[in-house]
Amino acid sequence: MKVKMSIEQEISRLQDLMPASARISCRIIGKPQQTAIITSIISPPWRSKNRPISINFDLWRKLSSPQRDLLFLRTVALSLGVKWLKFDVYTGVAISALGGLSWEIFYQDIVGIIVAGSLVSFGVNQIWKQNRSLEKEIQADENGIKVATRRGYSTLEATQFLIDAIEKSPLIESRRGLTVTELRRIKNLRQNLTTYTP
């Protein structure tokens, strides 16, 4: 007979599982209406201390406890990996365009407002894409596994549990199959498995 999961107890357990740096900024919320097991929302830069991680606990309980741990830790790592204000070309474009937009609004230049607004939109869009790139997803997997090794898992176990959680997700979420990103993440994790020694 299955024991029904207490959502409050599970949230408390997950908060304890988080690295200390995440406890201040990441907030766990139950979202029974979402189709994904777990998601993290990219918060705007002015809300960097409020990074919601939403979980559908009805779907969540269908994973084993180790699978949940690894999926959660990599999602926390993904959320913490969001960088809005890093000095690169796109940040420069967004900041410069924002300054230009303010200037054009002040002088009520319609053409200038449209051009500057387009540049702001372009810069922000590129920063958002960088924060959801395959490289960021793979880095989140690796960072989640590192935290798991400080929570009693071996690197080998943590990697396999994360692979299992990714592979099981489409069935639980009633999707047709793995996405291209998920397939590439699994491929990377399997390659890493061959380099680990128990």
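What you see is a predicted model, and the numbers here were worked out from it, not measured in a lab.

Our next topic: a positive patch on the surface. Taken together, the side chains of R23, K146, R150 and R151 define a basic patch exposed on the protein surface. Mapped onto the elements, K146 comes out in helix α7 (residues 134–149).

Tallied over the entire structure, the rule returns one aromatic pair. Pairing Y153 with F161 gives two aromatic rings, centres 5.9 Å apart and planes at 75°, and the pair type is edge-to-face. On the basis of relative accessible area, Y153 is assigned to the buried category, the value being 15%.

Let's shift gears to the packing of helix α4 (residues 65–80) against helix α8 (residues 155–172). Contact pair α4 / α8: the axes reach a minimum separation of 8 Å and the direction vectors enclose 90°. With respect to each other, α4 and α8 are oriented roughly perpendicular. Touching P66, Q67, L70, L71 and R74 of α4 are A158, F161, L162, D164, A165, K168 and S169, all from α8. Of the residues that constitute the contact of α4 with α8, the class distribution is seven nonpolar, two polar and three charged.

Our focus in this paragraph is the pairing of strand β3 (residues 51–55). Taken across its five residues, β3 has five buried, putting it largely inside the fold. A two-sided burial pattern is seen for β3, the buried positions comprising R51, I53 and I55 on one face and P52 and S54 on the other. With five bridges connecting them, strand β1 (residues 26–30) and β3 associate as parallel partners. Across the sheet, I28 pairs through a bridge with I53, a residue of β3.

Our next topic: the side chain of Q34. Mapped onto the secondary structure, Q34 falls in the loop between β1 and β2 (38–40). A polar atom in the side chain of Q34 sits 3.4 Å from the side chain of T39. The residues touching Q34, leaving out its near neighbours within four places in the chain, are T39, S54, I55, N56 and L59.

Take the packing of α4 against α7 next. Two elements in contact, α4 and α7, have axes whose closest approach is 7 Å; the angle formed by their N-to-C orientations is 125°. Relative to α7, the element α4 is oriented oblique. For the pair α4 and α7, the sense of crossing is right-handed. Residue-level contacts link L70, L73, R74, A77 and L78 of α4 to K136, E137, A140, D141, N143, G144, I145, V147 and A148 of α7. The residue makeup of the contact of α4 with α7, split by class, is eight nonpolar, two polar and four charged.

Reading the values: rules and limits
- Note on numbering: residues in each chain are counted from 1, in written sequence order.
- The predicted nature of this model means local features are confined to residues of pLDDT at least 70 and side-chain atom pairs, given and counted, to a pLDDT of 80 or more, with totals for whole chains, interfaces and linings taken over all residues.
- Excluding hydrogens and water, the side-chain figures rest on all heavy atoms present in the structure.
- Patches draw on residues past 30% relative accessible area with no salt bridge. Two like charges within 9 Å are joined, as are two nonpolar side chains (Val, Leu, Ile, Met, Phe, Trp, Tyr) within 5 Å.
- Method for areas: the Shrake-Rupley scheme with a 1.4 Å probe, in which residue coverage is limited to the protein chains shown.
- Here, a salt bridge means any side-chain nitrogen of Lys or Arg that lies within 4 Å of a carboxyl oxygen of Asp or Glu.
- Positive charges come from Lys and Arg alone, negative charges from Asp and Glu alone, with His and the N- and C-terminal ends not counted.
- For this purpose, a charge sits on NZ of Lys, CZ of Arg, CG of Asp or CD of Glu.
- Labels follow the DSSP assignment, with helices taken as runs of H or I lasting at least four residues and strands as runs of E lasting at least two, numbered in each case from the N terminus.
- Working definition: rings of Phe, Tyr and Trp (its six-membered ring) pair if their centres are within 6.5 Å, and the pair is stacked with planes under 30 degrees apart, edge-to-face with planes over 60 apart, and tilted otherwise.
- Partly exposed residues are those whose accessible area sits between 20% and 50% of the maximum for their type, while under 20% is buried and over 50% is exposed, using a 1.4 Å probe and protein chains only.
- Geometry is summarised by axes, namely lines fitted to C-alpha atoms with helices restricted to the contacting stretch, and by angles between N-to-C directions that run from 0 to 180 degrees.
- Small angles under 35 degrees read as roughly parallel and large ones over 145 as roughly antiparallel, with 65 to 115 read as roughly perpendicular and the rest as oblique.
- Any pair of residues with heavy atoms lying within 4.5 Å of one another is described as a contacting pair.
- Following the grouping adopted for this structure description, the nonpolar residues are Ala, Val, Leu, Ile, Met, Phe, Trp, Tyr, Cys and Pro, the charged ones are Asp, Glu, Lys and Arg, and the polar ones are all others, Gly among them.
- Being paired, for any two strands, means DSSP has found at least two bridges between them.
- By the criterion applied in these results, polar contacts are pairs of N or O atoms within 3.5 Å in which, for protein atoms, one can donate a hydrogen and the other can accept it, and in which residues neighboring in sequence qualify only through two side-chain atoms.
- In this scheme, a crossing is called left-handed if the near helix is turned counterclockwise away from the far one by less than a right angle; it is called right-handed if the turn is clockwise.

The quantities given are spatial measurements derived from coordinates; they are silent on function.
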